[in-house]
Each structure stands twice: as C-alpha cells, then as structure tokens.
Amino acid sequence: MLEYNLPSYLPSAEELPDSDETPVDNELQELIPGLLKAILLLLWAERMDWFFGVDMGIYYHPDKPPIVPDGFLSLGVERFYDEELRPSYVLWDENVVPILVLEVVSQNYRKEYTTKLDDYAALGVLYYVIYSSRRRRKPRLEVHKLINGKYELQAENPVWLPEIGLGIGCERGSYSGVTREWLYWYDEEAKRYPTPEEQIKQAKQRVEKLAEKLRELGIDPDIID
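Computed from a predicted model, the values in this text were never measured in an experiment.

Peer 1: Would you mind showing me how to read the pattern of salt bridges here?
Peer 2: Where charged atoms from two side chains of opposite charge come close, those side chains can pair. Counted under the stated rule, the structure contains eight salt bridges. As a salt-bridge pair, Glu142 and Arg135 come within 2.7 Å of each other at their nearest N and O atoms. Using a relative accessible area of 16% as the deciding quantity, one classes Arg135 as buried. A salt bridge links Glu198 to Arg192, with the shortest nitrogen-to-oxygen separation between them at 2.9 Å. Through salt bridges with shared partners, a single network forms among Glu171, Arg192 and Glu198.

Peer 1: Any chance you could explain the environment of Cys170 here in plain terms?
Peer 2: In this structure, Cys170 sits in strand β10 (residues 166–175). Residue class for Cys170 comes out buried when judged on its relative accessible area of 11%. Between the C-alpha atoms of Cys170 and Val159, which are 11 residues apart in sequence, the distance is 9.7 Å. Beyond its immediate chain neighbours, meaning those up to four positions away, Cys170 contacts Tyr131, Leu141, Asn157, Glu181, Trp182, Leu183 and Tyr186.

Peer 1: For this particular structure, what's the right way to read the side chain of Lys116?
Peer 2: Here Lys116 is to be found in helix α3 (residues 115–123). Here Lys116 falls in the buried class, since its relative accessible area comes to 19%.

Peer 1: How should I be thinking about the sheet that holds strand β7 (residues 141–147) in this particular structure?
Peer 2: In spatial order, the strands read β1-β3-β5-β6-β7-β8; together these six strands make up an open sheet with mixed pairing. A single partner strand is all that each edge strand has here, and the edge strands are β1 (50–54) and β8 (150–154). Between one strand axis and the next, the sheet turns through 20° on average, direction left out of account. As defined by bridge partners, strand β6 (residues 127–131) adjoins β7 across five bridges and the pair is classed as antiparallel. Residue pairing across strands places Tyr127 opposite Lys145, the latter belonging to β7. Of the strands in this sheet, β1, β3 (71–75), β5 (100–104) and β6 touch helix α1 (residues 28–43), which is tilted by about 160° from β1.

Peer 1: Help me understand the sheet that holds strand β11 (residues 178–186) in this model?
Peer 2: Paired through backbone hydrogen bonds, the strands of a sheet run either parallel or antiparallel to each other. The three strands are arranged β9-β10-β11 in an open sheet whose pairing can be described as antiparallel. The sheet is open, and its two borders are formed by β9 (159–161) and β11, each paired with just one other strand. Each adjacent strand pair in this sheet contributes to an overall mean axis angle of 35°, direction not counted. Taken together, the three bridges between β9 and β10 define a ladder with antiparallel strand orientation. Residue pairing in the sheet places Val159 in a bridge with Ile168 of β10. The sheet strands contacting α1 are β10 and β11, and the helix crosses β11 at an angle near 45°.

Peer 1: What should I look at first to understand α3 in this one?
Peer 2: Owing to its 3.6 residues per turn, the α-helix brings residues three or four apart onto one side. All of the buried residues in α3 are Lys116, Leu117, Tyr120 and Leu123. The buried residues of α3 occupy an angular sector of 130° when the element is viewed end-on, so they sit on one face. Exposed residues lying more than 90 degrees from the buried face of α3 are Asp118 and Ala122. In this structure, the buried side of α3 is in contact with β2 (58–59), α2 (91–94), β5, β6, β7 and β8.

Peer 1: Where do I start with the pairing of β3 in this structure?
Peer 2: Consecutive side chains of a regular strand alternate in pointing toward one face of the sheet and then the other. Most of β3 is tucked away: five of the five residues are buried. Judged by which residues are buried, β3 turns out to be covered on both faces: Gly71, Leu73 and Leu75 on one side and Phe72 and Ser74 on the other are all buried. Bridge analysis of β1 against β3 gives five bridges, and the strand direction is antiparallel. Counted as the bridge partner of Val54 is Gly71 from β3. Bridge count between β3 and β5: three bridges; the pairing is antiparallel. Each residue of the ladder has a partner; that of Leu73, found in β5, is Leu100.

Peer 1: Any chance you could explain the pairing of β11 here in plain terms?
Peer 2: Counting buried positions along β11 yields seven of nine residues, so the element is predominantly enclosed. Pairing of β10 with β11, which is carried by nine bridges, proceeds in the antiparallel orientation. By the bridge assignment, Gly173 is partnered in β11 with Arg180. Here β10 folds back onto β11 in antiparallel fashion, the turn holding two residues, of which Ser176 has a positive phi close to 55°.

Cut-offs and rules
- Positions within a chain are numbered from 1, following the residues in the order the chain's sequence is written.
- For this predicted model, a pLDDT threshold of at least 70 governs which residues receive local features, and a threshold of 80 or more governs which side-chain atom pairs are given and counted, while totals over whole chains, interfaces and linings are taken from all residues.
- Note that the side-chain values use all heavy atoms of the structure and ignore hydrogens as well as water.
- Should a side-chain nitrogen of Lys or Arg be within 4 Å of a carboxyl oxygen of Asp or Glu, the pair is scored as a salt bridge.
- Partly exposed describes any residue whose relative accessible area lies between the buried limit of under 20% and the exposed limit of over 50%, with all areas from a 1.4 Å probe on protein chains only and scaled to the type maximum.
- Counting from the N terminus, the helices are DSSP H or I runs at least four residues long and the strands are E runs at least two residues long.
- Two residues form a contact once any of their heavy atoms are found within 4.5 Å.
- When DSSP locates at least two bridges between a pair of strands, those strands are taken to pair.
- For helices, the fitted line uses only the C-alpha atoms of the stretch in contact; every axis is such a line through C-alpha atoms, and the angle between N-to-C directions lies from 0 to 180 degrees.
- Here the arc refers to the directions that run from the helix axis out to each C-beta atom.

See below:
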C-alpha cells in the first residue's frame, strides 16, 4: 500500500471524474477488457469481494490526474456498494491497490512499455499486463510481475497468477461476432474458461442432447410440462 502524503480534505469518488475523458483509439481497448470482465461476472458470480474496472480512473492523489488503464482488477473490495455503482476508483476510499492492470496498445503509442511501467510499479500493482496485436517480432502479450519493486516479465502463455487464482493468456477465438486473437482467463491446468456466448451455446447443446435421448425413449420433449 502506498504511503500517502495527502491533504486533510479528500474528495469522494462521486466528486471526481470517472476517467480522463480521453477517447479510446481502437474498439479493442474496450472489447478486450470487456470480455475479461464478462467472463469474471459468470465465473465469480457468487463472489462479492472483487471489482473489474474498464476505462475507469484510479485516483491516488486528489490534486493529480488519475491513472486510467484500459482495465484493472482489485480483490478484497466490495463488488458494489450501492445501485449507482462506482463512478471512479479512489485509493484513499478503497484502501486496496489493484492487483492487476491491463493496457491494450493502439496505433497511438502511449508509453505503455516505459512511463506506465514505472507508474504502475510505483503504485504497487502486482501484475501489469500489456497486449499489442500489432507486434510482430516481440510477444504480443506481456505479463509483468512486481518483484522487489521491479517488474519482471513472465514468459508463459497463459501465465498463472497464483495470487488471483487465475491464469491469463491469448489465443484465437470468437467474441462479439469477431474472430481474432483475444485475451482470456485460464485455470491452473491452462484450460481456458468459456465466454458467455460459449456458455450459452454449450447449454443449448446439452438441452438438444437431452431432448434427443428423450425421443429415443419414445418421449416427446416438446409436450413435457
């Protein structure tokens, strides 16, 4: 946790902008973290001790602009505290630094591999994830872990994150009607967790198989109440 040197008056999240109002350069900057969040909403549906922010400001000092990653995950915080939800993420209210931040690099490079690396290390973020689909000679996905105050690149894909209980990696798949490489969550055996669309498809397939078995037994599933 950071050692804050803060003024006596601290604004609440409701008094601070939700982001830096900088528009995203590419739709992927919303879709990629949005997919990760959508999977968590199903995977951790019963848990109320986590929060995943998308394009939301992280405030660490009331007189300084927020840091706005494309996505971030915090553990040990309230999932939500009222029906208005969070307008921003304020460290002096939450008292929890995000355990993971995600930056999706667009064609307009924004110092994801330099300045932001130092910023997130200073903040104390354990995992800094950078994804760039435009890279050719270097890994498109980089997962950095904070060790002794410095980030160290983790080589695997997917990378297991024991403090979170999930792995993160990239592979080709389909989401929102687009087939391309996406970021996903994985279990400890490197098995990918399905997307909401895939879970719906799997459920329909199970229903169809059950209906077929009922027909083989001479039962019409369409007339079962």
